[in-house]
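# An overview of the molecular structure
Given next are the chains, with one letter for each unit.
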Amino acid sequence: MEKELLVYIDGKYYPKSQAKVSVYDHGLLYGDGVFEGIRVYDGIVFRLKEHIDRLYCSAHAIMLEIPMTKEEMIKTVLETLRKNNLKDAYIRLVITRGVGDLGLNPKKCAKPTIIIITDTISLHKSEAKEKGVTAMLSWVKRDPVDATSHEIKSLNYLNSILAKIEANISNVDEAICLDKNGFICEGVAENIFIIKRGKIFTPPSYTGALPGITAEAVMNLARKMGYEVKEKNITPYELFTANEVFFTGTATEIVPVREINKRTIGNGAPGVITKRLMAEFSKMVRDPEEGISIYK
Ligand code: PXG
């Protein structure tokens, strides 16, 4: 039998089938907690420091004190990968409010639960990168910044899940959420970019989108390649009439969008600039300078 992957929970390692948390954990009962999704390429954990910084910012925003320093967290993530002998992987770091009673008051939770899962992930069909995906604008608006905004990477993903359900029942690959003013915000687990006349645009993060680590990396990469990149409000009309559209995210990487609400984007095939960015991106993520080695 193949050896089971080990999952870290609160200082101990458990085989995947026995990695469990209490039904009284407020992460389960109330979605009270934060998480990160991180990728590993050829033994390099891409932008690990940035992901850890964002995790601690999310925790800070919900007044959840992680009982471990950032340095210890990095060490533990690397150790979990080594234990599982994983060089190309996906890391899911989850910190919940911990075990409490029935009642949402977080004061009753004595100590946060720390979970580190290392496994693989695949969000889109295998041909998504070559052919592009189809998408739709969903009726589900992204929560505004003064609500449970996705700026905090919390365990509350129902907003995204409702949008994803619409995509599923409409037989398209992905949903795109608008912000409360009707501008384009982001996909369900990815940021969005459009290209018009050679210039690259993405919505500003104050629309309530998650400030994506992949999006930031792609913006810097595009600028290095000589493209103009601007954050600006994008209307549905601008999205429909863009020459190219693509999503970015840790799990998604870069995925071209070929159709939105039945409107063909560009000529219906991944665009030239998107393809160039994808090629450079796949080189960048394997650059030791861009992350932390699991052998550190
Ligand atoms: N927006 C939202 C709402 C996200 O959840 C992104 C944008 C992209 O951010 P990064 O930093 O990853 O470039 C995310 C990322 C999952 C899954 O299980 C979700 C994410 C990442 C990995 C896996 O569906 N969210």
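## Remarks on the domain arrangement of the protein chain
In terms of domain boundaries, the protein chain breaks down into domain 1 (6-121) and domain 2 (128-284). A straight line from the C-alpha centre of domain 1 to that of domain 2 covers 26 Å. Counting from both sides, the interface comprises 24 residues of domain 1 and, opposite them, 16 residues of domain 2. Interface of domain 1 and domain 2: buried area, both sides summed, is about 1,600 Å²; carbon and sulfur atoms make up 64% of it. Across the domain 1-domain 2 interface, the total number found is 1 salt bridge. A salt bridge links Arg39 to Glu253, with the nearest nitrogen and oxygen atoms 3.9 Å apart. Linking domain 1 to domain 2 there are 9 residue pairs in polar contact (both at pLDDT 80 or more).

## Side note on the packing of aromatic side chains
In total, this model carries 5 aromatic pairs according to the counting rule given. Considering the side-chain rings of Phe35 and Tyr157, the 5.3 Å spacing of their centres and the 70° angle between planes classify their relative orientation as edge-to-face. Residue Phe35 is located in strand E3 (residues 33-41), and its partner Tyr157 is located in the loop between strand E7 (133-137) and helix H5 (158-169); the two are separated by 122 residues in the primary sequence. For the pair Phe35 and Tyr157, a shared accessibility class is recorded, and that class is buried. A ring pair is formed by Phe46 and Phe281, whose centres lie 6.2 Å apart and whose planes are at 75°; its orientation type is edge-to-face. Remark: Phe281 occurs in helix H8 (residues 272-284) and Phe46 occurs in strand E4 (residues 44-46); sequence separation between them is 235 residues. Each member of the pair Phe46 and Phe281 is classed as buried. An aromatic cluster is built from Tyr41, Phe46 and Phe281, whose rings are joined through pairwise contacts. Here Lys83 stacks its cationic end above the ring of Tyr13, 4.9 Å away from the centre of that ring. One residue, Lys232, lies across the ring of Phe201, its end atom 5.8 Å from the ring centre.

## Digging into the site of the ligand
Arg92, Tyr157, Glu186, Thr214 and Thr250 are the nearest of the 21 residues found near the ligand. With respect to the ligand, the side chain of Tyr157 contributes an N or O atom lying 2.4 Å from an oxygen atom. One nitrogen or oxygen atom from the side chain of Glu186 is found 2.6 Å from a nitrogen atom belonging to the ligand. In the shell around the ligand, the residues fall into 9 nonpolar, 6 polar and 6 charged.

Each value, and the rule that gives it
Residues numbered from 1 in each chain as written. Predicted model: local features only at pLDDT ≥ 70, side-chain atom pairs only at ≥ 80, totals over all residues. Heavy atoms only, no water. Domains from an automatic or database assignment. Contact = heavy atoms within 4.5 Å. Buried area = accessible area lost by both parts, 1.4 Å probe. Salt bridge = Lys/Arg side-chain N within 4 Å of Asp/Glu carboxyl O. Polar contact = N/O pair within 3.5 Å; in protein donor to acceptor, adjacent residues only side chain to side chain. Phe/Tyr/Trp six-rings, centres within 6.5 Å; stacked < 30°, edge-to-face > 60°. Helix = DSSP H or I, 4+ residues; strand = E, 2+ residues; numbered from the N terminus. Buried < 20%, exposed > 50% of the residue type's maximum accessible area, 1.4 Å probe, protein only. Lys NZ or Arg CZ within 6 Å of the ring centre and 35° of its normal. Near = heavy atom within 4 Å. Nonpolar A, V, L, I, M, F, W, Y, C, P; charged D, E, K, R; others polar.

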